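So you can see what is in the structure, the chains are spelled out below.
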Amino acid sequence: MICVSLGRSRHTRMIGEHKHLVEQGAELVELRLDYVGRAVNLKRLMDHRPGPVVMTVRRRQDGGRWTKSEQDRLMLLRSAIVAGAEYVDIEADVASQIPRYGNTKRIISYHDFSGTPDNLEDLHAAMAEEDADIVKIATMANSFADNVRMFDLIRKAKLPTIGICMGEIGTITRILANRFGAPFTYATYSTDKKMAPGQLNWKEMTNLYDVKNINAETELFGVIADPVAHSYSPLVHNTAFKAEKMNARYLPLRVPQDDLHHFMDSVDKIGLRGISITIPHKERALDYCTQAESSANGIGAINTMVFHEDDRLGYNTDYRAAMDCIVEVLEKKDVPRENALQGVTAMVLGAGGVSRAIAWGLRQRQADVVIASRTEERARLLASEVGCRVVPWEDRHNQKVQLLINGTPVGMHPDVNKSPFKASALNQFMVVFDTVYNPENTLLVKYAKQAQCRIITGIDMFVRQAAYQFKLFTGKDAPAMLLRKTIKQATNPVQLH
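Just so you know, the residues in each chain are numbered from 1, in the order the chain's sequence is written. Owing to the predicted nature of the model, reporting of local features is limited to residues with pLDDT of at least 70; listing and counting of side-chain atom pairs is limited to 80 or more, with chain, interface and lining totals taken over all residues. Only hydrogens and water are set aside when side-chain values are computed; all heavy atoms of the structure are taken into account.

### Looking at the side chain of Arg249
Where we set the bar: Helix and strand assignments come from DSSP, with helices taken as H or I runs of at least 4 residues and strands as E runs of at least 2, each series counted from the N terminus. Pairs of N or O atoms are called polar contacts if they sit within 3.5 Å, as long as, within protein, a hydrogen donor faces a hydrogen acceptor (for residues adjacent in sequence, only side-chain-to-side-chain pairs). Throughout, a contact is declared for two residues whenever any of their heavy atoms are within 4.5 Å.
Along the polypeptide, Arg249 turns up in strand β10 (residues 248–254). Polar side-chain contacts of Arg249 include one of 3.2 Å to the backbone oxygen of Asp210. Leave out the neighbours within four places in its chain, and Arg249 touches Tyr209, Asp210, Asn213, Ile214, Thr218, Glu219, Leu220, Phe221, Asn238 and Phe241.

### Some thoughts on the pattern of salt bridges
Should the charged atoms of two oppositely charged side chains come close, the side chains can pair. Quick note on the threshold: The working definition used for a salt bridge is a side-chain nitrogen of Lys or Arg within 4 Å of a carboxyl oxygen of Asp or Glu. Relative accessibility decides the category of a residue: with a 1.4 Å probe and only protein chains considered, values under 20% of the type maximum give buried, values over 50% give exposed, and everything between is partly exposed.
Under the counting rule described, the total for this entry stands at 32 salt bridges. With a closest N to O distance of 3.1 Å, Asp131 and Arg100 form a salt bridge. Residue Asp131 is found in the loop between α4 (120–128) and β6 (134–140), and its partner Arg100 is found in the loop between β4 (87–91) and β5 (105–112); the two are separated by 31 residues along the sequence. Note on Asp131: relative accessible area 38%, which makes it partly exposed. The closest approach of N and O atoms between Lys471 and Asp477, which form a salt bridge, is 3.0 Å. Residue classification places Lys471 among the partly exposed residues on the basis of a relative accessible area of 39%. The class of Asp477 is exposed, set by a relative accessible area of 58%. Salt bridges here are not isolated pairs; linked through shared partners, they connect Arg58, Arg59, Asp62, Glu70, Arg73, Asp89, Glu91 and Asp93.

### Here's the deal with the sheet that holds strand β13 (residues 304–308)
Condition: Two strands are said to pair when DSSP picks up at least two bridges between them. Axis lines are fitted through C-alpha atoms, for helices just across the contact stretch, and the angle between N-to-C directions can take any value from 0 to 180 degrees.
Taken in spatial order, the six strands line up as β10-β9-β11-β13-β14-β12 in an open sheet, and their pairing is mixed. For this open sheet the edge positions go to β10 and β12 (291–292), each flanked by a neighbour on one side alone. Of the pairings in the sheet, the one linking β13 to strand β14 (residues 311–315) comprises five bridges and is antiparallel in character. Bridging across to β14, Phe307 finds its partner in Arg312. Here helix α9 (residues 260–270) sits on the sheet in contact with β9 (219–225), β10, β11 (272–277), β13 and β14, set at roughly 150 degrees to β11.

### Description of the sheet that holds strand β15 (residues 345–349)
Strand order in the open sheet formed by six strands is β17-β16-β15-β18-β19-β20, and the pairing between neighbours is parallel. Each having just a single partner strand, β17 (389–390) and β20 (454–456) make up the two edges of the open sheet. Pairing analysis gives two bridges linking strand β16 (residues 368–372) to β17, with the strands arranged parallel. In the strand pairing of β17, Ile371 is matched with Val390.

### Here we look at the nonpolar core
Here is the rule: The term nonpolar core refers to a set of buried residues drawn from Ala, Val, Leu, Ile, Met, Phe, Trp, Tyr and Cys, joined through side-chain atoms within 4.5 Å.
Among the nonpolar cores identified, the biggest contains 81 residues, and Met55, Phe263 and Ile275 are the most heavily contacted of them. The dominant element in this core, judged by the number of residues it contributes, is helix α5 (residues 144–156), at six residues. Ignoring sequence-local partners within four residues, the contact set of Ile275 consists of Gly222, Ile224, Leu253, Phe263, Met264, Asn303, Thr304, Met305, Phe307 and Phe473.

### So, the packing of helix α8 (residues 233–243) against helix α15 (residues 458–474)
Any two packed helices are characterised by the angle at which their axes cross and by the distance between the axes. Convention followed: Small angles under 35 degrees read as roughly parallel and large ones over 145 as roughly antiparallel, with 65 to 115 read as roughly perpendicular and the rest as oblique. We call a crossing left-handed when the near helix sits turned anticlockwise from the far one by less than a right angle, and right-handed when that turn is clockwise. Three categories are distinguished: nonpolar for Ala, Val, Leu, Ile, Met, Phe, Trp, Tyr, Cys and Pro, charged for Asp, Glu, Lys and Arg, and polar for the others, with Gly belonging to the last.
In contact at an axis separation of 11 Å, α8 and α15 are set at 55 degrees when each is read in the N-to-C sense. On the basis of the axis angle, α8 is oblique to α15. Crossing hand, α8 versus α15: right-handed. Along its contact with α8, which presents Ser233, Val236, His237, Ala240 and Phe241, the element α15 presents Phe462, Ala466, Gln469, Phe470, Phe473 and Thr474. Split by residue class, the contact of α8 with α15 holds seven nonpolar, four polar and no charged.

### Considering the side chain of Glu440
Tracing the backbone through its elements, the reader meets Glu440 in the loop between β19 (431–434) and α14 (443–450). Not counting residues within four places of it along the chain, the set of residues in contact with Glu440 comprises Val445, Thr457, Ile459 and Lys488.

Written as structure tokens, this is what we have:
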């Protein structure tokens, strides 16, 4: 079950939005009385409630907005119990001052916005003794290991327990709460009304992650990145799982650069079956594989890992997808597909993970590759490992090339008015491949269209690499047309709501 938190300054708005949520299927709503601007009219909120409520009056020290006296706050909580609210949220340190009455269930809560304490079990035991029906512990996740400790606490607790790790690292504790035995989890009403760090909105929790139907049999996948909130992979893969009627979910997993070891130690405990890997983990993740395909070893980076029994299998679907896109455009009559790139001069802009995968793939197919990067040291390192040439970034427009690949983030949303290559250096005999997929029509792609170049967009590559990942994860062919439609809609600057 999902409890949707509502915080509005006016009673009318709170009642109206509560009614709307219940019409949309919300089963439980938290009314944050500390958000109400004037004196709280408890009778009005209770009389007009269309469904069960959790009444909460949060102090500032616990992340709330209450500005009046503590005595007034405790009186309001007692009044909510007398009025017959289904649940009342009471902080552990004041629980003894608010007696049980009637059928109202007591949620005894604790918040720590700095970290997740080492003594979670002791804390839980003390809270349970405060005449709790439900224990709720919300702490800040500073490491992926904090999520695992919170899941262990929920799973082992004899009393119904809600355990939330706040912040982007802890988002999965909100999505997987039911799977580990929590009576409910929390969501916010809308994206712009987050009341706690890492909180997702109700539509995402319901439509994108279908949280209510996650169970012990649900297969779990995800993307590891830092940051991860911008990733469209959860949208694309979850849409595909839904279309294929699979009991599977794909999660956003924020893993800081120095926390990869904790994450890898957590994989089995959470029950992950496979992950997509992006910045900043592509190179280091290879070290954690028990086996990796030869291309991944050659590139020195992976973007996909599949967990099969004791094995961790590494793949690079960026490389496969990019080569497919390029070969399809450059295929010539009477030339075998594998020789389509032989003798082609290609310039790769950038020296990061995607550039590395593409440069390695081009060299394997006997293309002449030139690297140009704003960081020349990285370009020289990549060139020495892959076996290609380097030109200074400022000389990139003076090269005669048939294939231009942008592996930099230049032109990516929100900096859509930038191009890594000037229009005057393009001509109709060139193929231009921009790996940026948001937006699809980058400024470089627009320049290339004006110059009548053949074009490969970042969406072409994104869809192919996601389809390869889907096959590696599930053993099934991906619904490729649906993947394309989903990512194109999501990145379309004109959004229809």
